[in-house]
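A closer look at the structure
Spelled out from the first residue to the last, the chains are:
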Amino acid sequence: SSVPGLVTWSDVTKVGGIWVNKSVATNVQGLLSAARSAGFNLSGGGYRDPAGQIAVRMANCGTSDFAVYQMPASQCVPPTARPGTSMHERGLAMDLQSSGRLITSRSDPAFVWLWANAARFGFYNLPSEPWHWSTNGN
C-alpha cells in the first residue's frame, strides 16, 4: 500500500547525478550551477524508495523491527527518518557532497556557501545534518 505524499521512480529525474522530484529539478539545476560558478562541485544522494529508506534505517538505527519502524529518528546515528516520513522518499531532500566528500561541518566552505545561497533555490538545511538540504528543512 502506498503512503500519501510518497513518490515513485516515475516521479523523479536525475539532475547532476542526484535523483530528485521532477517538481524541483529546475531548482536543483540552478543550485548546482550556481555552486559550480562559485567553485563548488556538489553531488550526492536524493530520492530513496521505501526499500532504500529501510536499508538506511537498518544501517543507522539497527535491524530489529522496532529500530527500523518505530525508534525515534534522534536515536539513530546519524539521525534517520522512519520509513514513510523522510523527505528523501518524496524526492525533496538531498545529502550533499562537495568534491566527493560528505559535508559534515558547518564550517565547510561548501556549507557556508549553501547556507547563504540555497534558500534562493528553495532548499533549507536540517540543523543536525550539515549535508542534508530539503524543501522544508526536514
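Right above here is the structure, for reference.
Residues numbered from 1 in each chain as written. Predicted model: local features only at pLDDT ≥ 70, side-chain atom pairs only at ≥ 80, totals over all residues. Heavy atoms only, no water.

The next thing to look at is the overall build of the protein. Across its full length, the protein carries four helices and seven strands. In the protein, the succession of α and β elements from N to C terminus is β-β-α-β-α-α-β-β-α-β-β. Computed over its C-alpha atoms, the radius of gyration of the protein comes to 15 Å, within 12% of the 14 Å expected for a compact globule of 138 residues. Principal-axis analysis of the C-alpha atoms places the extent of the protein at approximately 45 × 35 × 20 Å. Sorting the 138 residues of the protein into buried and exposed places 43% on the buried side. (Helix = DSSP H or I, 4+ residues; strand = E, 2+ residues; numbered from the N terminus. Rg over C-alpha atoms; globule rule 2.2 N^0.38 Å. Buried < 20%, exposed > 50% of the residue type's maximum accessible area, 1.4 Å probe, protein only.)

Here the focus is the side chain of Asp-95. Here Asp-95 is to be found in strand β4 (residues 93–98). Within the structure, Asp-95 has its side chain in polar contact with the side chain of His-88 (distance 3.2 Å). In this view, Asp-95 contacts Ser-43, Gly-44, Gly-45, Arg-48, His-88, Trp-131 and His-132; residues no more than four positions away in its chain are not counted. (Polar contact = N/O pair within 3.5 Å; in protein donor to acceptor, adjacent residues only side chain to side chain. Contact = heavy atoms within 4.5 Å.)

We now examine the pattern of salt bridges. Per the stated rule, a full pass over the model turns up one salt bridge. Of the charged contacts, one joins Arg-48 and Asp-95 as a salt bridge, the two residues approaching to 3.1 Å between their closest N and O atoms. Highlighted residues: Arg-48 in the loop between β3 (42–45) and α2 (50–61) and Asp-95 in strand β4, separated in sequence by 47 residues. One exposure class covers both Arg-48 and Asp-95, and it is buried. (Salt bridge = Lys/Arg side-chain N within 4 Å of Asp/Glu carboxyl O.)

Taken as a whole and assessed by the stated rule, the structure comprises one disulfide. Each sulfur in the disulfide pair Cys-61 and Cys-76 lies 2.0 Å from the other. Sign of the S-S torsion, about 110° for the bond between Cys-61 and Cys-76, identifies this disulfide as right-handed. Of this pair, Cys-61 sits in helix α2 while Cys-76 is found in the loop between α3 (65–69) and β4, placing the two residues 15 residues apart along the sequence. This pair shows no difference in class: Cys-61 is buried, exactly as Cys-76 is. (Disulfide = S-S within 2.5 Å.)

Below, the discussion takes up helix α1 (residues 25–37). Taking 1.5 Å per residue, 13 residues should reach 18 Å; α1 reaches 18 Å between its end C-alpha atoms and fits that length. Considered for burial, the residues of α1 that qualify are Ala-25, Val-28, Gly-30, Leu-31, Leu-32, Ala-34 and Ala-35. Residues of α1 that are buried sit in contact with β1 (12–15), β2 (18–21), β3, β4 and α4 (109–117). (Expected span 1.5 Å × (residues − 1).)

The next subject is the pairing of strand β7 (residues 129–134). Burial within β7 is extensive, with six of its six residues counted as buried. Alignment of β4 against β7, held across three bridges, turns out to be antiparallel. Among the inter-strand pairings, Asp-95 is bridged to a residue of β7, identified as His-132. Sheet topology note: the strand β6 (residues 124–126)/β7 ladder contains three bridges and is antiparallel. Looking across to β7, one finds that Asn-125 is bridged to Trp-133. Taking the residues that link successive antiparallel strands as the turn, the β6-β7 hairpin has two residues. (Pairing = 2+ DSSP bridges.)

Note on placement: Thr-80 falls in the loop between α3 and β4. Residue classification places Thr-80 among the buried positions, given a relative accessible area of 4%. Only 2.9 Å separates the side chain of Thr-80 from the side chain of Asn-60, close enough to count as a polar contact. Residues within four places of Thr-80 in sequence aside, it is in contact with Gln-53, Val-56, Arg-57, Asn-60, Cys-61 and Ala-73.

Structural measurements only, silent on function.
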